[in-house]
Every structure is written in structure tokens, then in C-alpha cells.
2 protein chains.
Amino acid sequence: MLPIQNLLQIDKTLPVPVYLQIANGIVSIIKQGILRPGTLLPSSRKLAELLKIHRKTVIAAYDELLAQSWAETVPRKGLYVSQCLPEIRPRAILPIKLVIDYPATTGFEVAEKKSSYYIPYIARKERLSINEGFPDTRLAPVDLLIREYRRFANYKFTSKFLAYGPSQGSENLRNELSRFLSDTRGLHVSPANILITKGAQMAFYLVSQLLLKNGDRVVVGDPGYLGASEVFENAGADLHFVPVDENGIDTEAVEALCKRKKIRLLYVIPHHHNPTTVTLSSVRRMHLLELARKYQFAILEDDYDYDFQYSSSPILPLASVDHSGQVIYVGSFCKIIAPAVRVGFMVAPENLINQATRLRKIVDRQGEQLLEEAIANMLKNGDITRHLKKTNKIYHERRDLMCDLLEEKLSGKLTFKRPQGGFAIWASYAAGISPALVAEKARQLGLLVPSGEKYYHEKQKRYDEVRMGFASLDEKEIREVVEILKRSM
Amino acid sequence: MLPIQNLLQIDKTLPVPVYLQIANGIVSIIKQGILRPGTLLPSSRKLAELLKIHRKTVIAAYDELLAQSWAETVPRKGLYVSQCLPEIRPRAILPIKLVIDYPATTGFEVAEKKSSYYIPYIARKERLSINEGFPDTRLAPVDLLIREYRRFANYKFTSKFLAYGPSQGSENLRNELSRFLSDTRGLHVSPANILITKGAQMAFYLVSQLLLKNGDRVVVGDPGYLGASEVFENAGADLHFVPVDENGIDTEAVEALCKRKKIRLLYVIPHHHNPTTVTLSSVRRMHLLELARKYQFAILEDDYDYDFQYSSSPILPLASVDHSGQVIYVGSFCKIIAPAVRVGFMVAPENLINQATRLRKIVDRQGEQLLEEAIANMLKNGDITRHLKKTNKIYHERRDLMCDLLEEKLSGKLTFKRPQGGFAIWASYAAGISPALVAEKARQLGLLVPSGEKYYHEKQKRYDEVRMGFASLDEKEIREVVEILKRSM
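Note that the coordinates shown come from a computational prediction; the quantities given were computed from them, not determined experimentally.

Of the regular secondary structure elements, chain A holds 16 helices and 15 strands. The C-alpha atoms of chain A give 29 Å as radius of gyration, which overshoots the globular expectation for 489 residues (23 Å, by more than 25%). Each principal axis of the C-alpha distribution contributes one length, and for chain A these read about 90 × 55 × 55 Å. The proportion of buried residues among the 489 residues of chain A is 60%. The centroid of the 67 positive side-chain charges in chain A is displaced by 6 Å from the centroid of its 55 negative side-chain charges.

Printed below as a string of C-alpha cells:
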């Protein structure tokens with residue numbers, strides 16, 4: 001018999017399981033023509049002995065060969081290399097072309113989607129980075145997520161969640177969210193009022209496609225979150241800007257605008273306005289609701305930062321005191337779990353949710369059900385609440401350290417107001433200090449800092465404000481970062 | 001000291017880990033006011049003894065209390081209930097309202113998205129179901145997916161994949177796909193020609209939004225896949241139909257149409273046309289490419305079924321012999337892994353991929369990176385190829401069994417041609433047998449069967465054809481299903 005053991009190499013340090021190494025090894029020997037069709041393979045006991053491994057591992061390898069049709073069992077004789085070997089792979093009908101032959105452009109015209117705000121994704125090379133205010137991915141509860149996924153593998157309900165599911169999102173998640181929103185935000189809605197989306201981004205998109213026609217007027221704060229404005233403009237919106245002060249967007253300016261023009265939609269970040277981190281005051285919230293009723297516009301309330309509060313209690317959403325169905329409330333787990341975990345939600349009256357669900361079905365049919373079920377269970381068993389408590393404590397400490405150090409080391413060079421929550425500080429550089437130059441110097445020292453150009457819709461004469469994310473830096477990194485900033489000014 | 005052990009209930013059979021049961025139990029005792037702020041907690045050694053559990057478990061519980069600020073350490077004394085207890089939850093500023101108070105409709109008008117094809121998701125109650133042709137979720141490689149997720153938890157690269165990523169999709173996945181498409185389909189493209197989407201559905205959506213203006217003409221086969229037509233109509237398309245015979249869509253009819261009218265886009269399923277399961281012949285493929293060049297229209301090639309072939313080798317995609325950039329190729333992992341795993345891709349010249357990437361960023365920013373990385377690795381290590389081999393073998397057997405039984409037991413009642421691959425059989429009922437009546441009878445016997453009404457765009461006088469999915473039924477179920485069908489005719 002063939003000394004098969006000499007042809008099989010097993011390496012227990014490889015990530016590929018041993019049984020697969022054996023199965024793949026045998027397939028490769030068959031493919032090379034060394035083991036011919038109809039050859040008897042050694043018994044599992046024999047091969048286990050030869051290879052000095054457990055017999056069960058060999059049995060698993062043989063099962064794999066059977067499943068892939070490389071081997072066949074002959075009753076009372078043993079396992080043979082199949083007489084009819086599986087087709088290895090379809091052969092190209094044309095000789096292999098070089099990639100370069102693929103057409104460079106289409107043979108028909110393509111609509112140009114222009115976007116002045118579009119910033120392509122760039123992988124960071126710098127060791128340290130002050131970002132625009134993201135959570136620390138090192139704190140993401142990956143273990144808990146994986147525990148949920150593992151649960152799926154063990155239970156029968158996997159099949160259910162792996163088949164097509166509802167375009168409105170997981171029923172369990174909508175039930176749990178209904179409870180969570182009521183407990184944390186005084187927002188008492190039924191699961192029928194909730195649509196699960198891919199992050200807040202998809203909620204902006206669906207709302208824009210449903211509510212905006214070409215030329216419809218949309219009000220946003222300036223400075224503001226350009227990522228949302230881009231979605232409104234893509235839907236044909238005519239953007240109108242109102243100023244932002246320490247109490248949030250200026251609702252007097254909104255009223256003045258409403259008196260002159262028909263407004264369709266107003267976009268507002270009620271907690272920690274991006275970029276300036278201010279919270280919309282209760283008085284202005286009531287004023288906004290009154291204006292929405294009077295002038296019949298919709299409010300898109302982007303409360304992505306509600307769950308991160310360090311100095312004071314959050315103010316309940318506009319949606320929780322809206323009796324006339326004017327407010328569309330948007331939230332997300334992207335900040336709570338991790339930016340790459342793309343699960344968000346929108347809350348609105350049922351007729352809008354139904355239309356948004358129809359459109360969502362056309363856009364991408366449904367969300368990631370397994371992920372939605374995992375998050376539902378993490379809400380149910382309290383994991384999300386515990387994780388929020390932990391991370392709030394950590395981010396609170398980081399905010400304090402960053403603010404203390406900036407005040408101590410960079411006094412006179414920049415000013416800021418301690419943010420009450422969220423992930424970033426809004427800092428003004430002193431006269432004569434250019435954010436772009438600081439960014440350039442810091443980059444040479446291995447630190448990425450925003451250069452201050454992406455916050456205003458209307459072009460400024462000069463930029464002297466920068467949004468500085470602190471949440472994704474640990475204590476040591478914050479100390480380093482402030483040191484480098486100091487050397488860059 | 002308080003007999004704390006009597007107040008704590010530990011149940012090792014619960015899914016909640018014991019340390020969390022202890023931590024949660026203590027929090028609950030604190031909340032009830034039984035343990036007051038400033039109370040000394042028993043030492044971990046002491047509590048472990050009292051509860052008869054390992055001391056490490058108690059330490060983990062105490063760490064949790066510390067992390068959540070319910071307890072604080074006093075050096076050289078021990079652990080105390082915190083003097084300042086964490087805020088339990090923000091209180092509603094208004095008395096709790098009933099859900100029923102939430103506005104039933106919006107206070108502004110919402111665009112009605114009508115869709116004649118829209119079929120809301122309905123959870124199945126019947127025990128057995130002949131679906132429209134889906135893979136068997138019981139065969140989904142969930143274990144392999146979970147193995148990949150677990151890998152993320154162990155390695156440093158988790159942070160990278162948890163942060164914001166590229167809107168074009170995971171670089172690793174695009175690299176692996178470029179290799180996979182070349183190996184399996186003779187489609188030699190660079191990763192720059194690939195956009196990762198949420199299933200084939202999102203590719204249809206992005207292409208429609210970029211290529212179609214109101215009134216643009218789109219050609220589809222009739223009968224055809226209404227799910228795609230719905231997307232074209234949503235973008236304002238004017239649908240034109242061509243017949244489908246045993247060689248796929250009738251390209252002579254396409255040519256006749258092109259001579260009369262300007263066509264913008266043609267949608268084709270080259271393998272196992274949905275619903276009729278026919279494969280587009282090589283001659284017609286060449287004819288289509290020639291027509292696309294001559295009349296300057298785009299071809300949307302939906303090759304979702306390429307990897308499931310039982311009787312013959314697949315024919316290479318139109319995209320692999322397209323030299324003028326007319327073809328947009330779409331594929332998906334939803335059939336390979338599971339319908340709920342929403343990862344698909346489109347392949348096209350770079351200018352179209354760039355525009356589609358910009359639009360995708362606006363729609364939902366990016367895909368599920370962890371999932372994309374998991375699939376990239378499953379392609380790399382051969383898991384996908386092995387899984388395809390296994391499932392092809394199983395589906396092949398199921399096709400044969402289902403066809404054999406239908407021929408044997410229902411001879412004279414229905415006719416069909418054995419499909420060469422895919423997940424379904426296209427059957428014509430004999431004159432006098434109504435699919436709707438059969439569906440109704442079968443439903444009473446616990447079996448869901450399509451009633452034959454969702455395949456034609458143009459209303460038919462009568463329906464006598466039904467698409468019967470066999471892939472998600474195992475041997476026993478196939479035997480039962482045919483038996484019930486027989487009793488229903």
C-alpha cells in the first residue's frame with residue numbers, strides 16, 4: 001500500500017483544523033494522480049495510528065471526502081477513491097485575459113452624482129488620531145456579540161433568522177426598542193412605529209426620498225453635519241441655513257425663515273450638535289414644535305448622542321412631546337456598539353413607517369437579521385445598558401482629562417466649553433494660529449488632527465475652529481496627543 | 001452583617017453568567033434600599049464561601065459593580081456601596097403616556113410609494129412549504145461564520161474592522177472576489193471594478209438610480225422576476241416585455257424592439273431564469289452583446305444562480321466576453337450562505353463603480369464590515385468552495401428525487417423539464433387543474449404551495465404554471481410534499 005502518511009503534512013499550529021488538512025491533503029494527492037480512482041484508502045484506525053492522531057479526526061476527514069464525493073464507501077470493504085471524480089472547476093471558454101483588458105469605462109453614459117461634501121475613505125497611517133468624535137472600537141462589546149452569534153448556532157431558531165425576514169426589521173428588536181425608548185427617553189411608541197435601518201444614514205436617505213421633491217426647502221444649522229446635508233441635496237433639496245449658538249439652532253431665525261418661505265423639513269441634532277457639541281434648550285424645543293405645527297413642516301430629529309451624557313441628564317426628545325406627528329426620530333447603535341455595526345432606527349407615525357418600509361424593501365430588501373436579533377437580545381438581557389454605563393464612565397473620565405490638559409498646557413492657544421456629553425470638544429484656536437498649519441505640523445509628528453474645513457456649509461473667510469474627538473483615546477494617548485498639539489502650535 | 005447570601009439567588013442553568021447574576025442581584029438589593037450607600041460588602045473570600053462558588057466569580061461580580069459605579073473601593077478596608085449612587089434612569093418630564101396617544105399619521109403629506117408587486121413579509125405557519133426556490137437554511141455554514149467572528153475577537157485587527165470603513169466594501173473581500181470570479185467564471189477584473197452591495201437587490205437599486213430617468217425604457221423577460229422589475233419601476237422606468245422560451249429571453253424580439261424604440265437597459269438572468277429555470281444559450285448571449293453595442297444599451301446580468309449546476313457546466317457570463325463595457329454583472333452570497341446574509345456584489349467598469357460607490361455612501365454609508373471580512377476569509381481558506389461542493393451534491397440529489405417523484409406520482413397532472421441547476425422546478429398543471437385550488441387544498445393539509453399568480457408582468461387570462469422550490473426540503477419532506485400535492489389535485 002501507498003505510504004500515504006509520508007504525503008500528508010499536518011501542522012497543528014495552522015488555523016485550518018487538522019481533519020481538513022488531512023482531507024485537503026488527500027484531495028491534493030488524488031488531483032496529482034498519485035491516488036487513482038478505485039484505490040482503497042487505509043482504515044481510519046490504521047491512518048490514525050500512522051499519523052499519530054485521534055481516530056475521530058480521521059473519521060471527520062473521511063466524512064469530508066465522502067461529502068465532497070472524492071471517496072465512496074463499499075459496504076463491508078471500506079473507503080475507496082471515487083470512480084467518478086468530481087468536476088474540479090469549469091474551464092474558461094476563452095483563454096485567460098489580463099485584467100487590463102477589462103473595459104475602462106461603460107459604453108453608455110452614466111449619471112454623474114456630484115457631491116461637494118464627498119470625502120472618500122482613506123485608511124489612516126498615522127499612529128495617533130484626533131478624529132471627529134467616534135467611540136473607542138477597543139471598548140466595543142465584540143465578545144457579547146459573538147456570544148449571541150454562538151447562541152444562534154446552538155438553537156433551532158437559526159433557520160428562521162437565516163431565511164428572508166421582514167423589511168421593517170426584526171420583530172424582537174422592534175419590541176425591545178419600544179421598551180428601551182420608553183425607559184430611557186420617555187418615548188412611548190409601539191413596534192409598528194419603528195423601522196430598523198442601516199445606521200442613522202439610511203433613515204436620512206429614506207426620509208429624504210419620501211419627503212423631498214426637487215427644490216423643496218430644508219433647514220439645517222450652520223455649522224452643521226455635512227453628512228446629512230449631502231443626503232438632502234442628493235434628493236434635490238434647496239438647503240437653508242440658520243445660525244447655531246450655545247442653546248442650539250436659532251429658532252427665531254427658523255421662524256423668520258418660515259414667514260418668508262415654505263419649509264418642507266428641518267434637520268436638528270438635539271444633543272451635542274455636530275460639530276459644536278451644544279444641546280438644544282427645552283425652550284427652543286417647544287418653540288420648534290410650535291413652528292412645525294404652525295408652518296406644517298417635518299422635523300428630522302437626529303438624536304444619535306442621547307445615550308452619552310456626563311454632566312447632566314439628557315433632555316427628552318422632541319418626538320416624546322409631539323402630539324401632531326411632525327417629528328421623525330432617528331437613533332443608532334453605531335455609537336453604542338461600534339461605527340461598523342450598522343444598525344439604526346427611525347420612529348414615526350405608522351403611515352410614514354409603512355411608506356419607508358416599502359422603499360427600504362426596494363433599496364436592499366431587509367437588514368442583517370442575525371445582527372438585529374443579537375442586538376435585540378443584548379437589549380433584553382441588559383447588556384446594552386451595562387455597556388452604556390461602563391463606557392459613559394470611561395468617556396466621562398477621558399473628557400475630563402482631555403479638557404484639563406488642554407486648559408493647562410494650551411492655555412491662551414485655544415478656548416472651548418466643556419461638552420456635557422458625546423465624543424468631542426469644539427475648540428476655537430487663538431488669533432494667528434491656523435488649524436491647517438497645526439494639522440500639518442502634527443501630522444509630521446505622527447498625529448492626525450482635523451484642519452477645520454468641514455464644518456460650515458457656507459464658505460468662510462478663515463477657519464479657526466476644530467472638532468476634537470477624545471473618546472477613542474485612552475489616558476496615555478490623550479497625554480501624548482496634547483503634548484504633540486502643544487509642539488505644533 | 002446583613003445575610004446577603006439569603007437575598008441572592010443563583011441559578012447555574014440560566015444563560016446569564018453567575019457573576020452577572022450576583023452583580024445584578026446586589027444592584028437590585030441596593031435599588032430596593034436594603035443595602036444603603038456606605039455599607040461594607042463582604043470580602044470576596046467570605047461571599048464565595050457563603051454562596052459556595054469560586055472566589056474568582058465573586059471578584060468578577062465586584063469588578064462589574066465597580067465598573068458600573070455601584071460600589072467603591074476604600075484602600076485597606078474593602079468594597080463599599082457607593083455614597084453617590086449612579087442615576088438609575090432619566091425621568092420623563094411628562095407623565096407616562098399610553099402608546100395609543102402617539103400620533104397615528106404625520107402632520108404633513110407623505111409621498112405614496114405604490115408598488116403593484118409589493119408582497120409584505122408574512123411569517124409562515126404551515127409546517128411544510130414549497131417556496132419560490134430558496135436554499136436550505138439548515139445547511140447554512142453558520143459554524144464557519146461564527147468561527148470567523150470568533151477570530152475577530154482574538155486578534156488586534158478587530159478595531160480596524162469596527163471603525164468606519166470604505167463605502168466600496170472590504171478590500172479583502174474585493175481582492176478575494178476578484179480571484180474567485182476569475183477562477184469560477186473566467187471573469188478577470190480588478191478589485192476596483194467591484195462594489196460590495198447588500199445582496200443583489202441593492203445592486204439593482206443603485207444601477208436603476210444611476211442609469212434610469214423617468215420614462216426610460218427597460219426590457220425584461222415575461223414571465224420574469226418581479227422583484228427586479230419593481231426596482232426599475234420605482235426609478236420611473238417604462239417596462240417592455242419580451243417572451244422567454246427554452247433558450248432564455250427571445251433576443252430576436254429584443255432586436256425588433258430596438259429597431260423601433262430607444263432602449264436604456266436590459267435585465268437578464270443568464271442561468272435558470274426566474275421563474276422558468278431556463279439557461280440563456282451561448283448563441284443568444286453573443287446576439288445580446290452585439291445588440292447592446294449596436295443600440296447602445298446597458299445589460300444588467302443577474303447571475304445569482306451561477307454556482308448551482310447539477311447537469312452541465314455553467315456558461316461563462318456575458319460580462320466575461322464584453323469588450324465594450326456594456327454589461328453590469330451582479331452576484332450574491334445570499335444563495336450560497338443564506339438569504340438573510342445580505343452580501344452581494346456588482347462588477348462594472350470603474351466609472352460606473354465610482355458613481356455607484358458615491359451613491360451607496362449616501363444610501364447607507366457602508367456594508368457590514370465584520371461580515372464582509374468573514375466572507376473574505378471563507379473565500380480565501382476554501383470554505384465557500386467546499387460548502388458549494390457539498391450543497392451542490394445535496395441539491396442535485398433533492399432535484400432528482402423531487403423530479404422522479406413528481407413524474408411517478410403526478411404523471412398526467414403536471415409536466416415540467418428537469419432544471420439543470422438552481423433551486424426550483426417550473427411546472428405546468430394539466431388542463432382543468434387550477435393552481436389556486438391546489439394551493440388552497442394543500443394549505444388545509446399543512447403545505448404551502450405557490451398559487452401561480454406572481455410570474456407574469458402582463459395579466460394572464462388563466463394561470464397554470466407554478467414555480468416549485470425543492471432545495472430547502474430534505475428527502476423525507478420531499479416525499480411528504482409530493483404525497484400532499486397528489487391528494488390536492
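A few words on the environment of Lys409(B). Residue and element names in this part refer to chain B. If you trace the backbone, Lys-409 turns up in helix H14 (residues 383-409). Linking Lys-409 and Pro-450, residues 41 residues apart in sequence, is a C-alpha distance of 19 Å. Ignoring anything within four residues of it in the chain, the contact list for Lys-409 reads Val-482, Glu-483 and Lys-486.

Of the residues lining the interface, 119 residues belong to chain A; the matching set on chain B comes to 120 residues. For the pairing of chain A and chain B, the buried interface totals around 11000 Å² over both sides, and the portion due to carbon and sulfur atoms is 60%. When the buried area of chain A at its contact with chain B is split by residue, Tyr102(A), Tyr164(A) and Ile362(A) rank highest and sum to 7% of it. Along the contact surface separating chain A from chain B lie eight salt bridges. Two residues, Asp364(B) and Lys198(A), come together in a salt bridge whose shortest N-O distance is 3.9 Å. Scanning the region where chain A abuts chain B turns up 19 residue pairs in polar contact (both at pLDDT 80 or more). Per-element accounting of the side of chain A that touches chain B gives the leading share, 12 residues, to helix H12 (residues 350-364) of chain A. Of the residues belonging to the side of chain A that touches chain B, the class tally is 58 nonpolar, 32 polar and 29 charged.

A few words on the pairing of strand E13 (residues 424-429) of chain A. Residues and elements named next belong to chain A. Of all six residues that make up E13, five are buried, and the element is covered over most of its length. Across three bridges, strand E12 (residues 414-416) lies against E13 in antiparallel orientation. Of the residues in E13, the one forming a bridge with Phe-416 is Ala-427. Direction of pairing for E13 relative to strand E15 (residues 465-469): antiparallel, over a ladder of five bridges. Bridge pairing in E15 places Ala-424 opposite Gly-469.

Another aspect to go through is the sheet that holds strand E5 (residues 217-222) of chain A. All names here are of chain A. Read from one edge of the open sheet, eight strands run E4-E11-E10-E9-E8-E5-E6-E7, paired in mixed fashion. Among the strands making up the open sheet, the edge pair consists of strand E4 (194-197) and strand E7 (248-249). Pairing of strand E10 (residues 327-332) with strand E11 (residues 344-347), which is carried by four bridges, proceeds in the antiparallel orientation. In the strand pairing of E11, Ser-332 is matched with Gly-344. Against the sheet, helix H7 (residues 171-185) contacts E4, E10 and E11, and its axis sits at roughly 110° relative to E4.

Residues and elements named next belong to chain B. A sheet is described by the order of its strands in space; here eight strands give the open sequence E4-E11-E10-E9-E8-E5-E6-E7, paired in mixed fashion. The strands lining the two open edges of the sheet, one partner per strand, are strand E4 (194-197) and strand E7 (248-249). Each of E4, strand E8 (265-268), strand E9 (298-302), strand E10 (327-332) and strand E11 (344-347) touches helix H8 (residues 199-211); the most contacted strand, E10, lies at about 155° to it.

The subject of this paragraph is the packing of aromatic side chains. Applying the stated criterion across every chain, the model contains 18 aromatic pairs over all chains. Relative to Phe134(B), the ring of Tyr164(A) has its centre 4.9 Å away and its plane inclined at 70°; by these criteria the two rings are edge-to-face. Of the two residues, Tyr164(A) is situated in the loop between helix H6 (158-162) and H7 and Phe134(B) in the loop between strand E3 (128-129) and helix H5 (142-154); the pairing between them involves two chains. An aromatic cluster is present here, built from Phe204(A), Phe232(A) and Tyr267(A) joined pairwise through their rings.

Let us now look at the pattern of salt bridges. Scanning all chains against the criterion turns up 52 salt bridges over all chains. Among the salt bridges present, the one from Glu230(B) reaches Lys361(A), with a minimum N-O distance of 2.9 Å. Taken together, the positions of Glu230(B) in helix H9 (residues 226-234) and Lys361(A) in helix H12 put the pair across two chains. Take Glu230(B) and Lys361(A): they sit in the same class, and that class is buried. Here Arg418(B) makes a salt bridge to Asp400(B), at a shortest N to O gap of 3.4 Å. Here Arg418(B) is found in the loop between strand E12 (414-416) and strand E13 (424-429), whereas its partner Asp400(B) is found in helix H14, with 18 residues between them in sequence. Counted as one network, the salt bridges with shared partners bring together Asp136(A), Arg138(A), Arg398(A), Asp474(A) and Glu477(A).

Residue and element names in this part refer to chain B. Bridge count for strand E5 (residues 217-222) against strand E6 (residues 238-245) is six bridges, and the pairing is parallel. In the sheet register, Gly-221 faces E6, and the bridge partner there is Val-242. Regarding the hand of the β-α-β motif, the stretch spanning E5, H9 and E6 is right-handed. Two elements, E6 and E7, share two bridges in a ladder whose sense is antiparallel. Residue pairing across strands places Val-244 opposite Ile-249, the latter belonging to E7. Connecting E6 to the next strand, E7, in antiparallel fashion are two residues.

Following Asn274(A), the chain continues to Pro275(A) via a peptide bond in cis, the omega torsion being 10°. The topology assignment puts Pro275(A) in the loop between strand E8 (265-268) and helix H11 (282-295). The backbone of Lys52(B) shows a phi angle near 55°, a positive value even though the residue is not glycine. Residue position: Lys52(B) is located in the loop between helix H3 (44-51) and helix H4 (55-67).

Time to look at the relation of the copies chain A and chain B. Copy one and copy two of the chain differ by a rotation about an axis and a translation along that axis. Mapping chain A onto chain B calls for a rotation angle of 180° and an axial translation of 0.1 Å; the resulting RMSD is 0.2 Å. The superposition of one copy onto the other is thereby described by a two-fold rotation axis. Across chain A, the smallest distance between a C-alpha and the rotation axis is recorded for Ile146(A), namely 3.6 Å. Of the residues that chain A buries at the interface, 100% are likewise interface residues in chain B, meaning the two copies contact each other through the same surface.

Here we come to the confidence of the model for chain A. Confidence in the prediction for chain A averages 88 pLDDT; 91% of positions are at 70 or higher. With pTM at 0.82, the complex prediction returns an ipTM value of 0.81.

Okay, the packing of helix H4 (residues 55-67) of chain A against H14(B) next. The N-to-C vectors of H4(A) and H14(B) enclose an angle of 60°; their axes lie 9 Å apart at closest approach. The orientation of H4(A) relative to H14(B) falls into the category oblique. Counted together, Glu64(A), Leu66(A) and Ala67(A) of H4(A) and Arg386(B), Lys390(B) and Lys393(B) of H14(B) form the full contact between these two elements. Per-class residue counts for the contact of H4(A) with H14(B) are two nonpolar, no polar and four charged.

Residues and elements named next belong to chain B. Across its 14 residues, helix H16 (residues 475-488) extends 20 Å between first and last C-alpha, which sits within 8% of the 20 Å expected from 1.5 Å per residue. Among all positions in H16, only Glu-477, Ile-478, Val-481, Val-482, Ile-484, Leu-485 and Ser-488 are buried. Projected down its long axis, H16 carries its buried residues within an arc of 165°, all on one side. Turned more than 90 degrees away from the buried face of H16, the exposed residues are Lys-476 and Arg-487.

All names here are of chain B. For H3, the complete set of buried residues consists of Ser-44, Leu-47, Ala-48 and Leu-51. Looking straight down H3, one finds that the buried residues subtend no more than 105° of arc, so they occupy a single side. The outward face of H3, more than 90 degrees from its buried face, is lined by the exposed residues Arg-45 and Glu-49. Lys-52 occupies a position one or two residues after H3 and carries a positive phi of about 55°.

Parameters and conventions
Residues numbered from 1 in each chain as written. Chains lettered and ligands numbered in written order. Predicted model: local features only at pLDDT ≥ 70, side-chain atom pairs only at ≥ 80, totals over all residues. Heavy atoms only, no water. Helix = DSSP H or I, 4+ residues; strand = E, 2+ residues; numbered from the N terminus. Rg over C-alpha atoms; globule rule 2.2 N^0.38 Å. Buried < 20%, exposed > 50% of the residue type's maximum accessible area, 1.4 Å probe, protein only. Lys, Arg positive; Asp, Glu negative; His and termini not counted. Charge placed at Lys NZ, Arg CZ, Asp CG, Glu CD. Contact = heavy atoms within 4.5 Å. Buried area = accessible area lost by both parts, 1.4 Å probe. Salt bridge = Lys/Arg side-chain N within 4 Å of Asp/Glu carboxyl O. Polar contact = N/O pair within 3.5 Å; in protein donor to acceptor, adjacent residues only side chain to side chain. Nonpolar A, V, L, I, M, F, W, Y, C, P; charged D, E, K, R; others polar. Pairing = 2+ DSSP bridges. Axes fitted to C-alpha atoms, helices over the stretch in contact; angles between N-to-C directions. Phe/Tyr/Trp six-rings, centres within 6.5 Å; stacked < 30°, edge-to-face > 60°. Right-handed = clockwise from strand over helix to strand, strands pointing away. Least-squares fit on C-alpha atoms with pLDDT ≥ 70 in both. pLDDT = per-residue confidence, 0-100. Parallel < 35°, antiparallel > 145°, perpendicular 65-115°, else oblique. Expected span 1.5 Å × (residues − 1). Arc of directions from axis to C-beta.

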